[in-house]
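# An overview of the molecular structure
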Amino acid sequence: MEFKIGAEVIIRFKNGTEAKDSCDIPRGFAGDKDKLHAVIEKFDRETFAVLGEDKALKIKNLFLYTGNQKFKVLIDDIFKIIRTETFIKHH
C-alpha cells in the first residue's frame, strides 16, 4: 500500500490560464532535507509570542546543544526556565 504525503495544487483562472505547483514532501516532514530549519522556525514563531524571546531561546538551546539528556532532566530544565519570573524595567 502506498501512502502519498505530497500534494499538487492547480489554480484555474477565468481567462483559462493555470498556476500549478506540487510538493513531494511537506516542509518539516520526515525526509525533508531542510527539516531542522523548518522545525526551528516554527518553534521560534510559536514560543516567542507565548514565553518571550529570552525564555524561548533558552529552551531552544536545551534541545539543540545539551546532547542526549534523560527526558526527565530535560523536562525539569524546561520547567525551571518557564517558571522564572521576567522583570520588565519601566522607564
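Above this text is the structure in question.
Because the structure is a prediction, the values reported are computed rather than measured. (Residues numbered from 1 in each chain as written. Predicted model: local features only at pLDDT ≥ 70, side-chain atom pairs only at ≥ 80, totals over all residues. Heavy atoms only, no water.)

### Considering the overall build of the protein
Along its length, the protein carries 3 helices and 2 strands. Seen in sequence order, the protein has helices and strands lined up from the N terminus as β-β-α-α-α. Structurally, the protein occupies a C-alpha span of about 60 × 45 × 20 Å along its principal axes. Residues counted as buried form 14% of the 91 residues belonging to the protein. Counting only contacts in the protein whose residues sit at least 6 apart along the sequence, the fraction spanning at least 24 positions is 14%. (Helix = DSSP H or I, 4+ residues; strand = E, 2+ residues; numbered from the N terminus. Buried < 20%, exposed > 50% of the residue type's maximum accessible area, 1.4 Å probe, protein only. Contact = heavy atoms within 4.5 Å.)

### Brief notes about a nonpolar patch on the surface
A cluster of nonpolar side chains, namely Leu36, Phe63, Leu64 and Tyr65, defines an oily patch on the protein surface of about 470 Å² accessible area. By residue number, the principal contributor to the nonpolar patch is helix H2 (residues 53-65), which donates 3 residues. Residue placement: Tyr65 occurs in helix H2. A residue is classified by how much of its surface remains accessible, and Tyr65, at 64% relative accessible area, is exposed. (Patch = residues over 30% accessible without salt bridge, like charges linked within 9 Å, V, L, I, M, F, W, Y side chains within 5 Å. Areas by Shrake-Rupley, 256 points an atom, 1.4 Å probe, with all protein chains shown as cover. Salt bridge = Lys/Arg side-chain N within 4 Å of Asp/Glu carboxyl O.)

### Considering the packing of helix H1 (residues 35-51) against H2
Orientation of H1 relative to H2, taken along the N-to-C sense of each, is 145 degrees, at an axis distance of 8 Å. Our pair here, H1 against H2, has a crossing hand that is right-handed. Two secondary-structure elements touch here, H1 through Leu36, Ile40, Phe43, Asp44, Thr47, Phe48 and Leu51 and H2 through Glu53, Lys55, Ala56, Leu57, Ile59, Lys60 and Leu64. When the residues that make up the contact of H1 with H2 are grouped by side-chain class, the tally is 9 nonpolar, 1 polar and 4 charged. (Axes fitted to C-alpha atoms, helices over the stretch in contact; angles between N-to-C directions. Left-handed = near helix turned anticlockwise from the far one by under 90°. Nonpolar A, V, L, I, M, F, W, Y, C, P; charged D, E, K, R; others polar.)

### Overview of H1
It helps to recall that an α-helix has 3.6 residues per turn; residues three or four apart then point in one direction. Its 17 residues place the ends of H1 23 Å apart at the C-alpha level, agreeing with the 24 Å of an ideal helix rising 1.5 Å per residue. The positive-phi residue at the C-terminal boundary of H1 is Gly52, with phi of around 90 degrees. (Expected span 1.5 Å × (residues − 1).)

### Focus: helix H3 (residues 71-83)
A rise of 1.5 Å per residue sets the reference length of H3, with its 13 residues, at 18 Å; its end C-alpha atoms lie 18 Å apart and thus fit the reference within 8%. Among the residues of H3, Leu74, Asp77, Ile78 and Ile81 are the ones counted as buried. All buried residues of H3 project into a common sector of 100 degrees when viewed along the axis, lining one side. Exposed and facing more than 90 degrees away from the buried side of H3 are Lys72, Lys80 and Arg83. (Arc of directions from axis to C-beta.)

What is shown is where atoms sit, not what they do.
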